[in-house]
Amino acid sequence: MFDLPSPEISDAFRPLSPFMEARDYVPGGPVARVPPGAELDALREAVDDVREAVIASGTPEGVTTCDLITLPYPTRFGLWRAATSPAPYLWITNRMVVVRWTEGAHRRTLLWEPSDHELGDRTPYFARLKAKNPLPERFLRTIHGTVLGHLRALGIEPADVDYLAFDHLHTQDVRRLIGTTGPAPDLGSIDEPIAPWLPNARLITQEREWQALRHLHPLQAPWYQPETYTALPTERLLNIDGDVVLGPGVALIATPGHTAGNMSLVLNTSRGLWVSSENGIAAESWTPHASSIAGVSRWSVEWGQDVILNANTIEFAAWQYDSMIAEALLADPTPEGTFRQCFPSSELTASRLSPGTSPTYTHERIEHGQVLPSRVLTAAGTSA
């Protein structure tokens, strides 16, 4: 057990109840109280109510997407048992989504998946992979940008970021993002706490993910860095328990399965509803019958399965399947109509080092409205 801070469950956001009722979701209760088959039927029936609630809440002012890093990931995890490619690794691109909306007199900013990828390398799995790699790093990884670099390019002051959220806490070390209460010698701070890059941001996490981090199972341990969470400031932590609406057209929904506390971002945009998570790694993870990756479509038909799990941890596989079906039904179709607007937070990317795993369709970005810089004058001449 790790001695993590114990933030209270926040009531700062409006609850979104249809999926929670379908799952018989009880705050503080077990991950699943309903058999997975019955849960799947109930989620299908609840989708329209969730869609209506998110659409009725409005739309955010602006959404944009920022590439962070492209890196290798085991094929047998990302496409589970479906792909027949002999390549042991495929490549995924991790992206940050910036969302801004107005709340009263304030403009709010959410960073979805703002990974500090430099510290993510210390995750046990990736640390072992790096140690075994005989090739120079430049052959395997491409760094596209950083959280602070992208904010500078967008003209957003770090102090203007209100919320950070990840679909789950695999690989994440957030100490530089929100600061620490004590020294961090491994980060070069021997005597002083780490000063936060984002001085006003709070980390939103599902309570179940937080408790899983506190009590890691051996199936989960290779993917987390729990020791980095022990000295986080409690006031910078914002735990939720279930589905909530953050702002107009912006919601977080619990999608347990990939981890116990996995969640997804839902956005109502000019192109309809998007859902973002790492339950799948490609558009075809939610629409495998349309995949041109060898083996994926056939496997889906032979096994009668409508989604392909991102399955590096499989302790809740049936509930991950249910969550992905809910995501696919909640998201609108892509413009050509074949795929759903399910946006992988780390998306499959073609690589010559991974023959046979090139994606059939890539989203690459979510764009909506206008993400304004921090200092913009309103019609009244005041700073917004």
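Before reading further, recall that the structure is shown in the block above.
Residues numbered from 1 in each chain as written. Predicted model: local features only at pLDDT ≥ 70, side-chain atom pairs only at ≥ 80, totals over all residues. Heavy atoms only, no water.

Enquirer: Explain the overall build of the chain to me, please; I cannot follow it from the model alone.
Expert: Summing up its helical and strand segments, the chain has 11 helices and 17 strands in all. Relative to the 2.2 N^0.38 estimate, which gives 21 Å for 384 residues, the radius of gyration of the chain is 20 Å and therefore close to what a compact globule would have. With the C-alpha coordinates of the chain rotated into their principal frame, the extents come out at 60 × 50 × 40 Å. Of the contacts formed within the chain by residues at least 6 apart in sequence, a portion of 72% connects residues at least 24 apart. Of the roughly 15300 Å² that the chain leaves accessible, carbon and sulfur atoms contribute 54%. A gap of 6 Å separates the mean positions of the 30 positive and 45 negative side-chain charges of the chain. (Helix = DSSP H or I, 4+ residues; strand = E, 2+ residues; numbered from the N terminus. Rg over C-alpha atoms; globule rule 2.2 N^0.38 Å. Contact = heavy atoms within 4.5 Å. Areas by Shrake-Rupley, 256 points an atom, 1.4 Å probe, with all protein chains shown as cover. Lys, Arg positive; Asp, Glu negative; His and termini not counted. Charge placed at Lys NZ, Arg CZ, Asp CG, Glu CD.)

Enquirer: Is there a simple way to think about empty space enclosed by the protein in this case?
Expert: Any space left empty among the atoms is revealed by the rolling of a water-sized probe across them. Applying the stated rule across the entire model yields three cavities of 30 Å³ or more. In this structure, the largest cavity occupies an estimated 340 Å³ of space. As for the largest cavity, its lining consists of 23 residues, of which Leu-71, Phe-126, Thr-171, Gln-172 and Ser-346 are closest to the centre. Mapped by element, the contributors of at least two residues to the lining of the largest cavity are strand 2 (62-74), strand 3 (89-103) and helix 4 (117-120). Considering each element in turn, the lining of the largest cavity owes the most residues, three residues, to strand 2. Partitioned by chemical class, the residues of the lining of the largest cavity number six nonpolar, 10 polar and seven charged. Here the second largest cavity is characterised by a volume of approximately 120 Å³. Surrounding the second largest cavity, Leu-71, Pro-72, Asp-121, Phe-126, Leu-129, Lys-130, Asn-133, Glu-137, Leu-140 and Arg-141 form its lining. Elements supplying a minimum of two residues to the lining of the second largest cavity: strand 2, helix 5 (124-132) and helix 6 (137-140). No other element matches helix 5, which puts three residues into the lining of the second largest cavity. (1 Å grid on protein atoms, 1.4 Å probe; cavity = no way out; pocket = protein on both sides within 12 Å on 5 of 7 lines; lining within 4 Å. Points joined across faces, edges and corners; volume = space filled by probe spheres on them. Nonpolar A, V, L, I, M, F, W, Y, C, P; charged D, E, K, R; others polar.)

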